[in-house]
Amino acid sequence: VDDEHVDVLAIGVPVDATTDFELFMAESAPALARTAWLLCGDVRQAEELTQQALMRTYLHWDRARATDPLAYARRTLANLRIDTWRVRRREVLVEPGLLPDEAVACGADRAADRDQLVRALAQLPRRTRQIVVLRYLEDLSERQVAEDLGVSLGTVKSTASRGLAQLRAALGEEGR
Amino acid sequence: MSDDFLRRLRERVDAAAPEIPVETALVVPRARRRRALRRSVGAVAAVAVLGGSAWTAGAFWAGQPSASMGGTPNDVIASLAPVPADQRVGLIGMWRVAAAGEGPGTFLRLAGPGAMSGLEVWRACGVIDGSWAVGPTRFVASTYTSAAGCMEPDGSMPSIPWLYSATAYQPDGDGWDLIDASGAITATLRHDGLPAPDPNVIASEAQAPVADDAARSLLSDAAPLPTGLRAATAAEVVGLWVPSGAPLATNPSIELAGDGTWRGSDGCNGAGGRWAVDVDGQFVIPTGGAMTAMGCDGAPLPELITTARRLAIDNGQLVLVDREGQAIARLAWGGPASVLPTAAETFQATPVPATPTATSTVGVPTTSPTTAPAQAAWQVSGAGIGPIRLGRTLKELADDPAVRLNTSATPGAPCLARFLMTPGYQISVEFAGAPGTDPGNGAVVASVSALALDGTSAIPVIGRSGVALGSSAAEVETAYPGGTWTSATTYSSDRTYVTSDGSVPITFGLAGDAVAEILVGRADIPVEFCG
């Protein structure tokens, strides 16, 4: 996020704006966390990514709430460089914390499916993953995706369809 | 049909997506702190503040010299007249610095102690940010971020010998003297004009700060220890301290080193700085350089230690007592500090020259980080990475002081992923063993990888021909000819170059043109292997 160094001179956010932000935060955090999880595949990273996105949104709250704050936060989230986070390359393989405490069959299935989804997404190149997640799993328009990620509409169109096909292959659904 | 696939995919995601509770209570306070930190560091190097990441501490430590005599007051300091609390507030101001090796236009801005950006060094190259704390005689300063133009050529924090070697202070006319361990004056501080405005810094920061009630309060003496607690001496608190409760997988800890530096981790992010125990037992420690990770399953030890104003030893535990005299934490003994590599060794992001540079020797009578030994590189080969060799057991690694695995074994999990988190990079170790294997003694290293937390950070994990994290694709191909490129991605890389040493695969993951990850061993342990 290159506007890191912009607006740093703003002093404080008014109290009512803070309340406003806190309401927004409570409402939007779950959805942002889900997006973050799809992008990074890890629950702890997703939480931290969400917190960082919210923090940056708060730092630019005047600008964010003037338009669509959720879009602003999501854009921030999508553009956080996940590879600068505590990257756990194959943490998705071993995530005991995600497994249910009791070995309930459906819980285990869910964990296994989650694992498969995460690993399939992880096989996509970063940019492709961002585009597939925002376009298909968050159901944004092609134009919104292009704006969020700062790429051309043509890139979104071509990458999205190619990425979806890759994902389909990774999930073993080719030909279905 | 693609639409069918998309529908099924969405259903699967909806069914499988975990509930992720996001702790939001700290978002606004952290944002405010961060704003305060960023306020004056417009053109700061990119390492500065992203999430208070461990990398921050790396850059921080790279320039954080040891105090010449550390936390233990000696006779020279003990003989100084204590400065009464109501006079300490006179330190707050914009001071022109006169010190050996320092340019004539340098100012030291001392605002509220303990606050982020409470200390600023104004040089012609820009502003260096830090914090400070004082007791009756001791002066302790730490720096965290720097304008890019002031950084050392190797990317480490600027050398400020007169500031780092200062360990005490005394009034001198209408100004102050900073004093080193030998009793020599390292710098004199005088009211004499203001620094030239810096376009990257808010104009009010170029003015003299005004002491407010909060600053007065922070400069006052801490309340006495609670009844029954005995003040700890500096020598008693040197060592490694860990939470006294149940062990946490993230291994949060605080190490108070005898050289007057400290470092610690909340389990996720590193932090560090300098500390001292004053003549009356007050604990003098500026605010730490990195934030506690909000979502960290650890313990906020860096925050706790920098909140402490007195220390006591009680039943072998270190009791942290805040300004109001309330005990805020009890920490258990985790071992002598000397078990660990020194701060300079561990956190030095890049090898340092063996000989001090001209600037770093001026005015520094004792050691500085430029004389600290560089951390021995961990060699990449088919055997593994450094001491993390394929086939070693978890227990062997846990017992190896050179390794310091960050997490402990999870009983019943035969396939284990373990990490060493150090600023700037991370070593991941995967173990494998047959289901039912005792993880400590049976599971062995199946693969080990080094990851740069920043795509370009250089760390002392070195392969053939000096190939390291941050090396280019061409350098990798030259050093390891005959490998194959694949488009396989990881979270940190876009493509990989697979080569081998003997029969062991070595994989380089590249983000852009820079090596972001080096993996030795099998990258394809089937998930079933994990039981």
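Scroll up for the structure.
Bear in mind that the values here come from a model prediction, so they are computed numbers and not experimental data.

Participant: Quick rundown of the overall build of chain A? Include the residues and the values.
Facilitator: Per the secondary structure count, chain A includes eight helices and zero strands. Tracing chain A from N to C terminus, the helices and strands come up as α-α-α-α-α-α-α-α. Within the span of chain A, comprising 176 residues, buried residues form 56% of the whole. Sequence-distant contacts in chain A: of pairs separated by 6 or more residues, those separated by 24 or more amount to 69%. Working note: accessible area of chain A is about 7600 Å², and carbon and sulfur atoms make up 52% of it.

Participant: Go over unusual backbone geometry with me, naming the residues and quoting the values.
Facilitator: One non-glycine residue, D139 of chain A, lies in positive phi territory at about 60 degrees. Mapped onto the elements of the fold, D139 of chain A is located in the loop between α6 (126–137) and α7 (142–149). Using a relative accessible area of 52% as the deciding quantity, one classes D139 of chain A as exposed. Even without being a glycine, N315 of chain B presents a positive backbone phi close to 50 degrees. Positionally, N315 of chain B belongs in the loop between β15 (310–314) and β16 (317–321). Residue classification places N315 of chain B among the exposed positions, given a relative accessible area of 76%.

Participant: Any details on the pairing of strand β26 (residues 495–501) of chain B? Residues and values, ideally.
Facilitator: All names here are of chain B. Bridging between strand β25 (residues 484–486) and β26 involves three bridges; their strand directions are antiparallel. Bridge assignment links T486 to a residue of β26, and that residue is T496. Looking at chain direction, β26 and strand β27 (residues 504–511) are connected through seven bridges and run antiparallel. Bridging across to β27, R495 finds its partner in L510.

Participant: Kindly report on the sheet that holds strand β18 (residues 378–381) of chain B, identifying the contributing residues and their values.
Facilitator: Residue and element names in this part refer to chain B. Across the sheet, which stays open at both edges, the four strands sit in the order β20-β19-β18-β24 with mixed pairing between neighbours. The sheet terminates laterally at β20 (388–389) and β24 (461–462), the two strands that pair on one side only. As judged from the two bridges shared by strand β19 (residues 384–385) and β20, these two strands associate in the antiparallel manner. Looking across to β20, one finds that G384 is bridged to R389.

Participant: Give a description of the packing of aromatic side chains that names residues and reports values.
Facilitator: Per the stated rule, a full pass over the model turns up 10 aromatic pairs over all chains. Plain terms: the ring middles of F21 of chain A and F24 of chain A are 6.1 Å apart, the flat faces sit at 50 degrees to each other, and that makes the pair tilted. In this pair, F21 of chain A and F24 of chain A both sit in helix α1 (residues 15–40), three residues apart, roughly one turn of the helix. For F21 of chain A, a relative accessible area of 0% corresponds to the buried category. Ring centres of W132 of chain B and F139 of chain B lie 6.4 Å apart, and the angle between their planes is 25 degrees; on these two criteria the pair is classed as stacked. Here W132 of chain B matches F139 of chain B in class, with each residue buried. Through a chain of ring-to-ring contacts, the aromatic side chains of F21, F24, Y58 and W61 of chain A assemble into a single cluster. Taking the ring centre of W485 of chain B as reference, the NZ or CZ of R495 of chain B above it sits at 4.3 Å.

Participant: Break down the packing of α6 of chain A against helix α8 (residues 153–170) of chain A for me, citing the residues and quoting the values.
Facilitator: Residue and element names in this part refer to chain A. Running from amino to carboxyl end, α6 crosses α8 at an angle of 95 degrees, the nearest separation of the two axes being 8 Å. The angle between α6 and α8 places the two elements in the roughly perpendicular class. Residues T128, I131, V132, R135 and Y136 of α6 lie in contact with α8, whose contacting residues are T155, V156, T159, A160, S161, G163, L164, Q166 and L167. Looking at the contact of α6 with α8 residue by residue, the class counts come to seven nonpolar, six polar and one charged.

Participant: An account of the packing of helix α2 (residues 43–59) of chain A against helix α4 (residues 69–79) of chain A is needed here, citing residue identities and associated values.
Facilitator: Helix packing geometry: the angle between the two helix axes and the distance between the axes. All names here are of chain A. Orientation of α2 relative to α4, taken along the N-to-C sense of each, is 125 degrees, at an axis distance of 9 Å. When the axis of α2 is compared with that of α4, the two are oblique. The two elements α2 and α4 meet at a crossing, and its hand is right-handed. Contacts from L49, T50, A53, R56 and T57 of α2 reach α4 at P69, Y72, A73, T76 and L77. Taken together, the residues of the contact of α2 with α4 break down into six nonpolar, three polar and one charged.

Participant: Account for the nonpolar core, naming residues and giving values.
Facilitator: Ranked by size, the top nonpolar core spans 56 residues in total, and within it F21, W37, L54 and L167 of chain A together with L9 of chain B carry the most contacts. Ranked by residues supplied to this core, first place goes to α1 of chain A with 12 residues. Once residues within four sequence positions are removed from consideration, L54 of chain A is found in contact with F21, F24, M25, S28, A29 and L32 of chain A together with T24 and V27 of chain B. Ranked by size, the runner-up nonpolar core spans 32 residues in total, among them V97, V134, C150 and W176 of chain B.

Participant: Describe the pattern of salt bridges, with residues and values.
Facilitator: Tallied over the entire structure, the rule returns 18 salt bridges over all chains. Across the pair D20 of chain A and R65 of chain A runs a salt bridge, and its minimum N-O distance is 2.4 Å. Note that D20 of chain A is positioned in helix α1 and R65 of chain A in helix α3 (residues 61–66), a separation of 45 residues in sequence. Using a relative accessible area of 31% as the deciding quantity, one classes D20 of chain A as partly exposed. Measuring nitrogen to oxygen at the nearest pair gives 2.6 Å for the salt bridge that ties R34 of chain A to D14 of chain B. Pair noted here: R34 of chain A is in helix α1 and D14 of chain B is in helix α1 (residues 2–16), and the two residues belong to different chains. Within the structure, one salt-bridge network assembled from shared partners comprises R34 and E138 of chain A together with D14 of chain B.

Rules of the game
- Residue positions within a chain follow its written sequence, with the count starting from 1.
- Following the order in which they are written, the chains are lettered starting with A and the ligands numbered starting with 1.
- The model is predicted, so local features are restricted to residues of pLDDT at least 70 and side-chain atom pairs to those at 80 or more, both for listing and for counting; the totals for chains, interfaces and linings are taken over all residues.
- In computing side-chain properties, one takes all heavy atoms of the structure into account and sets aside hydrogens as well as water.
- Starting at the N terminus, helices and strands are each numbered in turn, a helix being any DSSP run of H or I of at least four residues and a strand any DSSP run of E of at least two.
- Remark: exposure states derive from per-residue accessible area (1.4 Å probe, protein chains only) relative to the maximum for the residue type, with buried under 20%, exposed over 50%, and partly exposed in between.
- Contacts between residues were defined by any pair of non-hydrogen atoms, one from each residue, lying within 4.5 Å.
- For accessible areas, the Shrake-Rupley method is used with a probe of radius 1.4 Å. Any residue's cover is judged against the shown protein chains and nothing else.
- Paired strands are those between which DSSP finds at least two bridges.
- Here a Phe, Tyr or Trp ring, Trp counted by its six-membered ring, pairs with any other such ring whose centre lies within 6.5 Å, and the pair is stacked when the planes are under 30 degrees apart, edge-to-face when over 60, and tilted otherwise.
- The rule for a charge over a ring is simple: NZ of Lys or CZ of Arg within 6 Å of the ring centre, and within 35 degrees of the ring normal.
- Note on geometry: axes are lines fitted to C-alpha atoms, helical ones only across the stretch in contact, with angles between N-to-C directions running from 0 to 180 degrees.
- Any angle from 65 to 115 degrees is called roughly perpendicular, while one under 35 is roughly parallel, one over 145 is roughly antiparallel, and all others are oblique.
- Note that Gly is not counted as nonpolar here; it falls among the polar residues with everything else outside the nonpolar set of Ala, Val, Leu, Ile, Met, Phe, Trp, Tyr, Cys and Pro and the charged set of Asp, Glu, Lys and Arg.
- Crossing handedness is read from the near helix: turned anticlockwise from the far helix by less than a right angle, it gives a left-handed crossing, and turned clockwise, a right-handed one.
- Think of a nonpolar core as a cluster: buried Ala, Val, Leu, Ile, Met, Phe, Trp, Tyr and Cys residues, connected wherever their side-chain atoms sit within 4.5 Å.
- Between Lys or Arg on one side and Asp or Glu on the other, a salt bridge is scored when a side-chain nitrogen of the former is within 4 Å of a carboxyl oxygen of the latter.

Structural measurements only, silent on function.
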